[in-house]
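Residue-level listing of the chains:
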Amino acid sequence: MSRKLLKQIRNEWKSNIWLAVELLVVSVVLWYILDNLYVNYRIYSMPLGFDVEHCYKLTFDDVTDKSPDFIPDETDEQQREAKSILLDRLAHHPIVEAATLSQNAHPYNGSNSGTFVFKDTLRSNGYVVRRMVTPDFPRVFRFQGTRGETPEELTEMLKSGKILVNDRLFRHYGVRMTDYVGQEFCVDDSTNVKVLGAALVGPRYNDYTDFDHTVLRALPKSWFGWADEFSIRVKPEEDHDVVETLMDQAETLFHVGNKVLVNVQSYDDIKRIVLYGNSQHMTYMLVGMGFLLLNIFLGLFGTFWFRTQQRVGEIAIRKAMGATNWEVCRRLLTEGLVILLLVTPFAFGIDCLLAYFEVNTYFDDGYLQLWRVALCAFGAAVLMALMIMAGVWFPASRAEKIDPAIALKDE
């Protein structure tokens, strides 16, 4: 049967070549869509490396000079001491599990500080987010080490002056930072040498990117005047009416020097606001690709439906010669699948070419990754095979029910 089928395909080459071109184009378009969906799924499902549940950001501001509590000519040292007292009061508050002060460091932060990390010939690939934090920062946001280090252990490392760096910082060299724990690294410049305390899981910049180049350093008290990010983790059983509870104490417990608590905001709200544009973009992209997939399905389905309908006479002859319904349907199905099989290697070649020219989606430091191209090309081939089967099965089933004599009366 296979030799007869190949001979029939060759004899009908004029119609089959256009079908092959259509399948080739559809295969490449499907691969592009699946590659994009696969990358976005992989990124979204990666560990974030932090947890903002039960976390809140507190904003402190100076009282006006019209306030009776205003301290004129407050010195930098007094401002640093005021922030230190406020941090201590937050840390010992009955509803608070941990508190931290940081500069350009908290998750879902649009303001960042950059630096470089290097050791011998190993250098960070471009921008590294520098997070200057007080030691309890890992406890507040539940950072984890790649070797199972707990937030409490990471806190102790920051207290001892060590740095924490994400595990994939040197992935462009094919190495993991986990293998360099305990060794010295230069941060900013060659004069600032720090010991690597632990490699971190993440933390990713946000839910929609795999960017995680981060270095955590202890915030010196001399920098407290520049730091203004107060963050707390509330005990789970106390996570109710937190904003009201803290704001009621703004003028008493949380008023030190000229600093007074003016706002408390849940990190869940911050996350929703910061990621609103990304979420909308992702929604539009998924809807657009879903619509495109539907059109591809209907187009391919219609092509094979029409192609099968045009061969009702051939189906009738085969039935008159004693072929069963399954044999007729299998012949039609196999014909479409063989053409798809012949086209797939050419489609894969085009897919690789497009990836080489970086037409697809960037992921994991690259565009052309043969395993990824092959996976998405295989997925495209499977989807097209299902579309072909649907486009052949339904009209063939209807044609098989027609009496051969009726089908052939116009011949």
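As shown above, the structure is provided for reference.
Below you will find a few notes about this structure.

Rules used in this analysis
Residues numbered from 1 in each chain as written. Predicted model: local features only at pLDDT ≥ 70, side-chain atom pairs only at ≥ 80, totals over all residues. Heavy atoms only, no water. Phe/Tyr/Trp six-rings, centres within 6.5 Å; stacked < 30°, edge-to-face > 60°. Helix = DSSP H or I, 4+ residues; strand = E, 2+ residues; numbered from the N terminus. Buried < 20%, exposed > 50% of the residue type's maximum accessible area, 1.4 Å probe, protein only. Lys NZ or Arg CZ within 6 Å of the ring centre and 35° of its normal. Salt bridge = Lys/Arg side-chain N within 4 Å of Asp/Glu carboxyl O. Core = buried A, V, L, I, M, F, W, Y, C linked by side-chain atoms within 4.5 Å. Contact = heavy atoms within 4.5 Å. Expected span 1.5 Å × (residues − 1). Arc of directions from axis to C-beta. Patch = residues over 30% accessible without salt bridge, like charges linked within 9 Å, V, L, I, M, F, W, Y side chains within 5 Å. Areas by Shrake-Rupley, 256 points an atom, 1.4 Å probe, with all protein chains shown as cover. Pairing = 2+ DSSP bridges.

**Re the packing of aromatic side chains**
Part 1 of the reasoning: What the rule picks out here adds up to 13 aromatic pairs.
Part 2 of the reasoning: With a centroid separation of 6.1 Å and 75° between ring planes, the pair formed by Tyr38 and Trp371 is classed as edge-to-face. Taken as a pair, Tyr38 in helix H2 (residues 13–45) and Trp371 in helix H11 (residues 370–400) lie far apart in primary sequence, 333 residues in all.
Part 3 of the reasoning: For the pair Phe170 and Phe185, a centre-to-centre distance of 6.1 Å together with 40° between the ring planes defines the contact as tilted. Pair noted here: Phe170 is in the loop between strand E7 (163–166) and strand E8 (184–187) and Phe185 is in strand E8, with a separation of 15 residues, a long-range link.
Part 4 of the reasoning: What makes Phe170 buried here is its relative accessible area of 0%.
Part 5 of the reasoning: Seen from the ring of Phe118, Arg123 lies directly overhead, with NZ or CZ sitting 4.6 Å from the centre.

**Topic: the pattern of salt bridges**
Part 1 of the reasoning: Here the structure, examined in full by the defined rule, presents 16 salt bridges.
Part 2 of the reasoning: Notably, a salt bridge pairs Glu81 with Lys221, separated by 3.2 Å at the nearest N-O pair. Here the residue Glu81 occupies a position in helix H3 (residues 76–91), and Lys221 occupies one in the loop between strand E10 (214–218) and strand E11 (229–234), the gap between them amounting to 140 residues.
Part 3 of the reasoning: Put simply, Asp269 and Arg272 hold a salt bridge, and the shortest N to O gap is 3.0 Å.

**Structural notes on the nonpolar core**
Part 1 of the reasoning: One finds Leu23, Leu30, Leu300, Phe304 and Met384 to be the most contacted residues of the largest nonpolar core, which totals 35 residues.
Part 2 of the reasoning: Looking at this core, the elements with two or more residues in it are H2, helix H8 (276–309), helix H10 (325–356) and H11.
Part 3 of the reasoning: Considering every element that reaches this core, the biggest residue donor is H2, with 11 residues.
Part 4 of the reasoning: Residues within four places of Leu23 in sequence aside, it is in contact with Leu300, Phe304, Ile339, Leu340, Val343, Met384 and Ile388.
Part 5 of the reasoning: Counting 25 residues, the second largest nonpolar core, distinct from the first, contains Leu87, Ile95, Ala99 and Leu246.

**Considerations on the environment of Asn16**
Part 1 of the reasoning: Structurally, Asn16 is set in helix H2.
Part 2 of the reasoning: Judged by its relative accessible area of 5%, Asn16 falls in the buried class.
Part 3 of the reasoning: For the pair Asn16 and Ile339, spaced 323 residues apart in sequence, the C-alpha separation works out to 7.9 Å.

**Examining unusual backbone geometry**
Part 1 of the reasoning: Of note, the amide linkage connecting Gly202 to Pro203 takes the cis form, showing an omega dihedral of -5°.
Part 2 of the reasoning: With respect to the helices and strands, Pro203 occurs in the loop between strand E9 (193–200) and E10.
Part 3 of the reasoning: Positive phi values are uncommon outside glycine, yet Arg142 reaches one of about 55°.
Part 4 of the reasoning: With respect to the helices, strands and loops of the structure, Arg142 is situated in the loop between helix H4 (137–141) and helix H5 (151–159).

**Side note on H3**
Part 1 of the reasoning: Given a rise of 1.5 Å per residue, 16 residues ought to cover 22 Å, and the 23 Å separating the end C-alpha atoms of H3 matches this to within 8%.
Part 2 of the reasoning: Along H3, the residues classified as buried are Arg80, Ala82, Lys83, Leu86, Leu87 and Leu90. Take H3 and look down its axis: the buried residues cluster within an arc of 155°, on one side only.
Part 3 of the reasoning: Looking at the packing, one finds that the buried side of H3 touches strand E1 (55–62), strand E2 (96–103), E11, strand E12 (255–256) and strand E13 (259–266).

**Examining the environment of Val201**
Part 1 of the reasoning: If you trace the backbone, Val201 turns up in the loop between E9 and E10.
Part 2 of the reasoning: Accessibility expressed as a relative area gives 29% for Val201, which makes it partly exposed.
Part 3 of the reasoning: The spacing of Val201 and Arg168 is 33 residues in sequence and 8.6 Å in space, taken between C-alpha atoms.
Part 4 of the reasoning: Not counting the four nearest positions on each side in its chain, Val201 is found in contact with Pro47, Gly49, Gln144, Gly145 and Thr146.

**Things to note about a nonpolar patch on the surface**
Part 1 of the reasoning: Nonpolar side chains collect at one region of the surface, where Tyr32, Leu353, Tyr356, Phe357, Val359, Leu368 and Leu370 lie side by side and expose about 740 Å² of accessible area between them.
Part 2 of the reasoning: Here Leu370 shows up in helix H11.

**Brief notes about the pairing of E2**
Each regular strand displays side chains that alternate between the two surfaces of the sheet.
Part 1 of the reasoning: Counting buried residues along E2, seven of its eight residues qualify, which places the element largely inside the surrounding structure.
Part 2 of the reasoning: Judged from the six bridges that link them, E2 and E11 form a sheet pairing that is antiparallel. Note on E11: the bridge partner recorded for Leu101 is Phe230.

**Description of the pairing of strand E6 (residues 128–133)**
Part 1 of the reasoning: With six of its six residues buried, E6 lies for the most part within the structure.
Part 2 of the reasoning: The alternating pattern of E6 places Val128, Arg130 and Met132 and Val129, Arg131 and Val133 on opposite faces, both of which are buried.
Part 3 of the reasoning: Here strand E3 (residues 114–115) pairs with E6 via two bridges, running antiparallel. Residue pairing for E6: Thr115 is matched across the bridge by Val128.
Part 4 of the reasoning: Relative to E10, E6 is paired through five bridges, and the arrangement is parallel. If you follow Arg130 over to E10, its bridge partner there is Val215.

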